[in-house]
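# Reading the structure
So the chains spell out like this:
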Amino acid sequence: MPDAGASNTPGPEEDVVDLLLAQHARIEQLFLLVIGGTGDTRRDAFDDLVKLLAAHETAEEEVIHPLSRTLPGGGGDAMVDDRLAEERQAKETLQALIAGGVDADGFDTGIILLRDAVLTHARYEERYEFPQLRQHVPAGRLRSLATAVRAAEATAPTRPHPSAQSAKGNLAAGPALAVIDRVRDALRSPSAGKG
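Residues numbered from 1 in each chain as written. Predicted model: local features only at pLDDT ≥ 70, side-chain atom pairs only at ≥ 80, totals over all residues. Heavy atoms only, no water.

## Remarks on the nonpolar core
Cut-off, in case you're wondering: Nonpolar cores are built from buried Ala, Val, Leu, Ile, Met, Phe, Trp, Tyr and Cys residues. Side-chain atoms within 4.5 Å join them into one set. Between buried and exposed lies partly exposed: a residue is buried under 20% and exposed over 50% of the maximum accessible area for its type, with that area taken using a 1.4 Å probe on protein chains only. Comment: elements are numbered from the N terminus, with helices defined as DSSP H or I runs of at least four residues and strands as E runs of at least two. By definition, residues are in contact when any of their heavy atoms lie within 4.5 Å.
Ranked by internal contacts, the top residues of the largest apolar core, which has 18 residues, are Phe-31, Phe-46, Leu-49, Ile-111 and Leu-114. At six residues, the largest contribution of residues to this core is made by helix α2 (residues 39-69). When neighbours within four sequence positions are excluded, Leu-49 is seen to be in contact with Ile-27, Leu-30, Phe-31, Val-34 and Ile-111. Counting residues in each nonpolar core, the second largest holds 17 residues, with Ala-59, Phe-130, Leu-133 and Ala-152 among its members.

So this is what it looks like as structure tokens:
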């Protein structure tokens, strides 16, 4: 089964901003599939969405946000702190949706609220953080950061963990959380088609 975050093969000129923008588009598509889907289609789309969001946010927390804090202009810390607060809230909402499942009362409302929060968060990154990266970080470094983001995503947890929200926190807890999440995913997968 292909990784939900691997929407296409990176080209030699793809940089980290291109990669994240493509993931934002994929996240938006998955929200549409979850909101408009039913049964196994909805459940599978939600599982893909959860995995992509967890990997995407982990990679941003480990690679992008620390770099953004170092950018000239003095606004990096406040900008990143705002994005981290949005990410923490989204992770908490996502945890509640996972706990209840796609058939739970309130899931439809919760997923729409989460979609709105996540897409607003993505638009802020696209409008404020990504242009700063393109302006202040050399193109070659942005291309190499795409590789770093893919590496961070490969070892990221597959579920949201609001308490691990910094590069140090993700690097310390992330591998253990990723193993736990992947074992949980493997245990659940044989029964995914039943019920």
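## Comments concerning the packing of helix α3 (residues 76-100) against helix α4 (residues 107-136)
What counts, and what does not: Geometry is summarised by axes, namely lines fitted to C-alpha atoms with helices restricted to the contacting stretch, and by angles between N-to-C directions that run from 0 to 180 degrees. To sort the angles, those under 35 degrees are grouped as roughly parallel, those over 145 as roughly antiparallel, those from 65 to 115 as roughly perpendicular, and the leftovers as oblique. When the near helix sits turned anticlockwise from the far one by under a right angle, the crossing is termed left-handed; a clockwise turn instead gives a right-handed crossing. Charged residues are taken to be Asp, Glu, Lys and Arg, nonpolar residues to be Ala, Val, Leu, Ile, Met, Phe, Trp, Tyr, Cys and Pro, and polar residues to be all remaining types, Gly included.
Following both chains from N to C, one finds α3 and α4 inclined at 160°, their axes separated by 10 Å at the closest point. Comparing their axes, α4 and α3 come out roughly antiparallel. For the crossing formed where α3 meets α4, the hand is left-handed. Residue-level contacts link Met-79, Val-80, Arg-83, Glu-86, Glu-87, Ala-90, Thr-93, Leu-94 and Leu-97 of α3 to Phe-107, Gly-110, Ile-111, Leu-114, Val-118, His-121, Tyr-124, Glu-125, Tyr-128 and Glu-129 of α4. By residue class, the composition of the contact of α3 with α4 is 11 nonpolar, three polar and five charged.

## A word on α2
For the record, the criterion: Multiplying 1.5 Å by the residue count of a helix minus one yields the expected span of that helix. Here the bend at a residue means the angle between the axes of two seven-residue stretches, the one that ends at it and the one that starts at it.
Helix length check: α2, at 31 residues, gives a terminal C-alpha distance of 43 Å against a target of 45 Å (1.5 Å per residue), a fit within 8%. The sharpest bend along α2 measures roughly 45° and falls at Glu-61.

## Considering the pattern of salt bridges
Two side chains bearing opposite charge may form a pair once their charged atoms approach each other closely. Spelled out, the test is: Counted as salt bridges are all cases of a side-chain nitrogen of Lys or Arg within 4 Å of a carboxyl oxygen of Asp or Glu.
Summed over all chains, the structure comprises 13 salt bridges. Between Lys-91 and Glu-61 there is a salt bridge, and its shortest N-O distance comes to 3.0 Å. Here Lys-91 is found in helix α3, whereas its partner Glu-61 is found in helix α2, with 30 residues between them in sequence. Grouping residues by exposure puts Lys-91 and Glu-61 together as buried. Arg-83 serves as the salt-bridge partner of Glu-86, at 2.7 Å between the closest nitrogen and oxygen. Residue Glu-86 and its partner Arg-83 are located together in helix α3, separated by three residues, close to a single helical turn. Relative accessible area serves as the criterion here: at 24%, Glu-86 is assigned to the partly exposed category. What makes Arg-83 buried here is its relative accessible area of 6%. Here the residues in one salt-bridge network are Asp-15, Asp-18 and Arg-134, joined through shared partners.

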